[in-house]
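What the coordinates show
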Amino acid sequence: MMKAAVLYGDGDIRYENFPKPDPKKGEVLVKIAYSGVCGSDIPRLIHGGAHFYPIVLGHEFSGVVEGVGEGVNESRIGEKISCAPLIPDMSDSQSAQGNYSLSRKYSFIGSREPGGFAQYVCMPEANAFPLPEGVSLQEGAFFEPLTVSLHAFNLLKYRGGAVTAITGMGTIGLLALQAAKALGAGKTAVFDIDEERLAAAREMGADLALNTLEEGFKEKALAFTGGEGYEVCMETGGVPVTEKLCLELAARKGTVMFVGTPHVPLTLEPKEFEWINRKELHVTGSWMNYSAPYPGWEWTQAVELFKAGKIRTDVLIDRKVPLAEAKTAVDDLQVRGKVKGKILFVCNGEEN
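Here's a quick rundown of the structure. (Residues numbered from 1 in each chain as written. Predicted model: local features only at pLDDT ≥ 70, side-chain atom pairs only at ≥ 80, totals over all residues. Heavy atoms only, no water.)

A short note on the overall build of the protein chain
Inclusion rule: Runs of H or I in DSSP of at least four residues are treated as helices and runs of E of at least two as strands, each being numbered from the N terminus. Note on method: radius of gyration uses C-alpha positions; expected globular size equals 2.2 Å times residues raised to 0.38. Partly exposed residues are those whose accessible area sits between 20% and 50% of the maximum for their type, while under 20% is buried and over 50% is exposed, using a 1.4 Å probe and protein chains only. Contacts are assigned to residue pairs with any non-hydrogen atoms lying within 4.5 Å of each other. When charges are counted, Lys and Arg are positive and Asp and Glu negative, with His and the chain ends excluded. In plain terms, the charge of a residue is placed at NZ if it is Lys, CZ if Arg, CG if Asp and CD if Glu.
Each helix and strand counted, the protein chain has 11 helices and 17 strands in total. On C-alpha atoms alone, the protein chain measures out to a radius of gyration of 20 Å, which is about the 20 Å that the 2.2 N^0.38 rule sets for 352 residues. Expressed as lengths along the three principal axes of its C-alpha atoms, the size of the protein chain is roughly 60 × 40 × 35 Å. For the protein chain, the residues scored as buried account for 54% of the 352 residues in total. Within the protein chain, contacts between residues separated by at least 24 positions form 69% of all contacts whose residues are at least 6 apart in sequence. Counting 36 positive and 45 negative side-chain charges, the protein chain places the averaged centre of each group 3 Å from the other.

Encoded structure:
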């Protein structure tokens, strides 16, 4: 047996004994170090969004390979890894083209398979992405959200010098800001309603950080570009006000990239929709973080960014919580404004 934080229903998460898995053929057994609570976990934790109950969630995690199944080289034992949680369906035509997340039948560690809110997990060997020397296990727990932003930039064929706006300074937004800077962004502007997050963005190099609750912020945002607008607008919040804002602030011939997952309807007035027509915008979206060969360019690029010291994780963490206190953390998520950043579960004691 092992310990896990098992979800039985909305807000009903229990730290209890759970069967410790054995690695099957082609799998590795991972002793989990850190496991982050993703924004996409929140609907599963407190809004009835889990695929089934009971379930062990968690897909943003790192750990150390402790055992291997048949067909896996024992040299992997002791290796530090980050979990690439999507398990591709290689029979799907999209997977055959390297578009693994567009497959209709993929599985997913931490939502459809047991995940990282536990002391141990088994996964296919390919999903255990190796971490090189110089990249910590704490950083490894941020590979999944960082690669979400890198995938979006990859789809954009993002070029250095682009005047860039990013809306929503949650984990994805702050990582997207750091990635944009590392990829050679020109002037950068970010938007949020939380002053602490905006302060963190300034610390990470945002040239302009505006609170969308303040009067006149749009005028300031456009003045920052000399009235031309932003060549690239990346939306990470998934809320109507910033979804519309990106369309409004985009430059003529600009690109709007939707990354955030929406939870309420978006209605555009005719004038708002016409921004797309009259500015000849390229409007597109991004889903997850994979490319060929699996798991993709995004994951190897994340290694290089961490090794080069281009990505900071310390300012993204609201708190580190022993896995045994998962219930308290989930309760806090239900109090508006109480959690300001990433909750990181410590699953087997602090590790480097």
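That shown, we press on.
Quick word on the layout of surface pockets
Put simply, the rule is: In this analysis a 1.4 Å probe is tested at points of a 1 Å grid over the protein atoms alone, and where it fits but cannot get out there is a cavity; an open set with protein on both sides within 12 Å along at least five of seven lines is a pocket; lining residues have an atom within 4 Å of a point. Grid points are joined across faces, edges and corners, and a volume is the space filled by probe spheres set on the points. Classes in brief: Ala, Val, Leu, Ile, Met, Phe, Trp, Tyr, Cys and Pro nonpolar; Asp, Glu, Lys and Arg charged; the others, Gly included, polar.
A volume near 240 Å³ is recorded for the second largest pocket. Taken together, 19 residues line the second largest pocket, and the ones lying closest to its centre are Pro21, Glu113, Pro114, Val121 and Cys122. Among the residues making up the lining of the second largest pocket, the classes are represented as 14 nonpolar, one polar and four charged.

Describing the pairing of strand S3 (residues 27-36)
Working note: regular strand, side chains alternate between the two faces of the sheet. Here is the rule we go by: Pairing between two strands is assigned when DSSP locates at least 2 bridges connecting them.
Of all 10 residues in S3, nine are buried, a share of seventy percent or more. Sheet topology places S3 next to strand S8 (residues 120-124); five bridges connect them, and they run antiparallel. Paired with Leu29 across the strands is Cys122, a residue of S8. The sheet contact formed by S3 and strand S4 (residues 60-68) spans eight bridges and is antiparallel. By the bridge assignment, Lys31 is partnered in S4 with Val64. Note: S3 against strand S17 (residues 342-346), three bridges, orientation antiparallel. The residue of S17 that forms the bridge with Ser35 is Phe345.

Observations concerning the packing of helix H4 (residues 143-156) against helix H5 (residues 171-182)
The condition that has to hold: The axes used here are C-alpha line fits, helices contributing only the stretch in contact, and every angle between their N-to-C directions lies in the interval 0 to 180 degrees. To sort the angles, those under 35 degrees are grouped as roughly parallel, those over 145 as roughly antiparallel, those from 65 to 115 as roughly perpendicular, and the leftovers as oblique. Each helix crossing is assigned a hand: it is left-handed if the near helix lies turned anticlockwise from the far helix by less than a right angle, otherwise right-handed if that turn is clockwise.
Taken N-terminus to C-terminus, the directions of H4 and H5 make an angle of 55°; their axes are 8 Å apart at the nearest point. Overall, the two elements H4 and H5 adopt an arrangement that is oblique. Here H4 runs over H5; the crossing is right-handed. Residues Pro145, Leu146, Val148, Ser149, Leu150 and Phe153 of H4 touch H5, and the partners they reach there are Thr171, Ile172, Leu175, Ala176, Ala179 and Ala180.

Quick notes on the pattern of salt bridges
As a reminder of what qualifies: A pairing counts as a salt bridge when a side-chain nitrogen of Lys or Arg comes within 4 Å of a carboxyl oxygen of Asp or Glu.
According to the stated counting rule, one finds 19 salt bridges in the structure shown. The salt bridge involving Lys244 is made with Glu272; its shortest N-O contact spans 3.5 Å. Of this pair, Lys244 sits in helix H8 (residues 240-249) while Glu272 is found in helix H9 (residues 270-278), placing the two residues 28 residues apart along the sequence. When its relative accessible area of 23% is taken as the criterion, Lys244 is described as partly exposed. Judged by relative accessible area, which is 16%, Glu272 ranks as buried.

A short note on the environment of Ala33
Position of Ala33 among the secondary structure elements: in strand S3. C-alpha separation for the pair Ala33 and Gly110, spaced 77 residues apart in sequence, amounts to 15 Å.

What to know about the packing of H4 against helix H10 (residues 297-307)
At a minimum axis separation of 9 Å, H4 and H10 run at an interaxial angle of 115°. When the interaxial angle is binned, H4 and H10 end up roughly perpendicular. The two elements H4 and H10 cross, and the hand of that crossing is right-handed. The residues of H10 that touch H4, namely those facing Phe143, Glu144, Leu146, Thr147, Leu150, His151 and Asn154, are Trp297, Glu298, Trp299, Gln301, Ala302, Val303, Leu305 and Phe306.

Comments concerning the nonpolar core
Short version of the rule: Residues grouped as a nonpolar core are buried Ala, Val, Leu, Ile, Met, Phe, Trp, Tyr and Cys residues, joined through side-chain atoms within 4.5 Å.
If you look at the biggest cluster of nonpolar residues, it comprises 56 residues, and the most contacted ones within it are Phe143, Val190, Met234 and Tyr290. Mapped onto this core, the elements with two or more residues apiece are S3, H4, H5, helix H6 (195-203), strand S13 (230-235), H10 and S17. At seven residues, the largest contribution of residues to this core is made by H4. Listed in part, the 40 residues of the second largest apolar core include Ile46, Leu57, Val72 and Ile87.

Notes on the side chain of Thr164
Threshold: In the analysis that follows, any N or O atom pair within 3.5 Å is treated as a polar contact, provided that within protein one partner can donate a hydrogen and the other can accept it, and provided that, for residues neighboring in sequence, both atoms belong to side chains.
By secondary structure assignment, the location of Thr164 is in strand S10 (residues 164-167). At a separation of 2.6 Å, a polar atom in the side chain of Thr164 contacts the side chain of Tyr158. Sequence-distant contacts of Thr164, defined by excluding residues within four places in its chain, comprise Tyr158, Ala185, Lys187, Thr188, Ala189, Tyr230 and Val232.

Description of the sheet that holds S10
What holds strands together in a sheet is hydrogen bonding between their backbones, with the strands either parallel or antiparallel. The strand order S12-S11-S10-S13-S14-S15 describes an open sheet built from six strands, whose pairing is parallel. The outermost strands of the open sheet, each flanked by one partner alone, are strand S12 (208-211) and strand S15 (282-285). For this sheet, the mean angle separating the axes of adjacent strands, direction not counted, is 15°. Docked against the sheet, H8 engages S10, strand S11 (188-192), S13, strand S14 (250-258) and S15, running at close to 155° with respect to S14.

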